[in-house]
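The residues making up each chain are set out below.
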Amino acid sequence: LRSFVVGGAGFIGSHLADRLVERGPVTIYDNLSVGRRAFVASHLASGRAALVEADVLDLERLTEAMAGHDLVVHLAANPEARWGLARTRLDLDQGTIATYNVLEAMRRTAVGRLIFSSSGTVYGDTARRCAEGDLGALPISLYGASKLAGEALISAYVECFGLTAWIYRFGNVVGPRGTHGAALDFLKKLRDRRTELEVLGDGRQSKPYLDVRDCAEGILFGFDQARERLNIYNLAPEDTTSVSRIADLCVAASPYPDAVIRYQGGERGWPGDVPRSRMDPGKLAALGFRVRHTSDEAVRMAVEALASEVFG
Ligand code: NAD
């Protein structure tokens, strides 16, 4: 299997690359805006992976680099939903147009298989436990909107140009080499401020948290087992954990266990944040895959790993 991983030097991409190199050569296409060469350095050194440092918005370059592969994994995106508030074109460009470019390069090069990283944010603001068919509420962030647009484009390319696609709607993914997200934010704030930790919202936001190795495993499990032309799966544990729990764990894991946590208040961390989300992993479970770690376990392991990355 010759894999082409757009965004492969990032957090999830580098963990997936760890697995894909076992199946054949991997090309990582990444502009290193967030991702790091160090995350994939061992595979580059062993010759099992190659890095093309380029932008997904450069369609000619993308097409040229993609030719000759069997599978495209598209992970490049604006990683932080709340950045769309200050830069309203960000998700349109880095989400929707980027996904169009990936699909268009696949059409031109006749690479037939695509794995896409979508998100539970496509379900919008609903406290219901969402399964794959539950798209009744529309997304409430520009990030979620661009993920749903990406899914729609993929569905159209599957129908019109004969692609096969695996779309995964992830919960919050956490673990070593994290590049963003609440736990990393909290640890960096603690490194800088030491005595206090400011947390957006009231801390009661609760979401499913998925260990990044469970994420990579689930992606490949579905890829191996699911046989439709368009395969859509939630990939998240069925339980949730809270932001206040993450804040407590970060303080305890830092060199500043007496730091005071200050909650800014309000139900949402920022406009567009879904305060409570729950996802139903039953469809992937019916194929035989179970997420190994609960949300709480995933968060505990992630905080431990990230604390040693931040504090040394
Ligand atoms: P990440 O930022 O670590 O990885 C994205 C990678 O894409 C980075 O290496 C970055 O350098 C690269 N990239 C970004 N823009 C690019 C561009 N224009 N051209 C080329 N490369 C570019 O983030 P991640 O957490 O690994 O997320 C991977 C994917 O999973 C994203 O699509 C994200 O939206 C999705 N996702 C992540 C989570 C999560 O909690 N981490 C949850 C749901 C969905």
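All values derive from a computational prediction rather than experimental measurement.

Q: I'm lost on the packing of aromatic side chains in this one. Help?
A: Each aromatic ring pair is described using two quantities: the centre-to-centre distance and the angle formed by the ring planes. Taken as a whole and assessed by the stated rule, the structure comprises 6 aromatic pairs. Look at Tyr 157 and Phe 161: their rings are 5.0 Å apart centre to centre, the planes differ by 50°, and that puts the pair in the tilted class. Placement of the pair is Tyr 157 and Phe 161 together in helix H5 (residues 142-161), with a separation of 4 residues, close to one helical turn. Taking relative accessible area as the criterion, Tyr 157 reaches 8% and is therefore assigned buried. Judged by relative accessible area, which is 45%, Phe 161 ranks as partly exposed. Positioned above the aromatic ring of Trp 270 is the side chain of Arg 82, whose terminal nitrogen or guanidinium carbon lies 5.4 Å from the ring centre.

Q: When you look at the nonpolar core in this model, what are you seeing that I'm missing?
A: When a protein is soluble and globular, its nonpolar side chains tend to lie buried together. In this structure, Tyr 168 and Leu 235 are the most contacted members of the largest nonpolar core, which totals 33 residues. Residue assignment for this core shows that the elements contributing at least two residues are helix H1 (11-20), strand S2 (26-30), strand S3 (49-53), strand S4 (71-74), strand S7 (164-170), helix H7 (212-225) and strand S12 (230-235). With 6 residues, H7 is the single largest residue contributor to this core. Val 6, Leu 103, Leu 163 and Ile 167 belong to the second-largest nonpolar core, a separate cluster that totals 26 residues.

Thresholds applied
Residues numbered from 1 in each chain as written. Predicted model: local features only at pLDDT ≥ 70, side-chain atom pairs only at ≥ 80, totals over all residues. Heavy atoms only, no water. Phe/Tyr/Trp six-rings, centres within 6.5 Å; stacked < 30°, edge-to-face > 60°. Helix = DSSP H or I, 4+ residues; strand = E, 2+ residues; numbered from the N terminus. Buried < 20%, exposed > 50% of the residue type's maximum accessible area, 1.4 Å probe, protein only. Lys NZ or Arg CZ within 6 Å of the ring centre and 35° of its normal. Core = buried A, V, L, I, M, F, W, Y, C linked by side-chain atoms within 4.5 Å.

Function-wise, these values are silent; they only describe arrangement.
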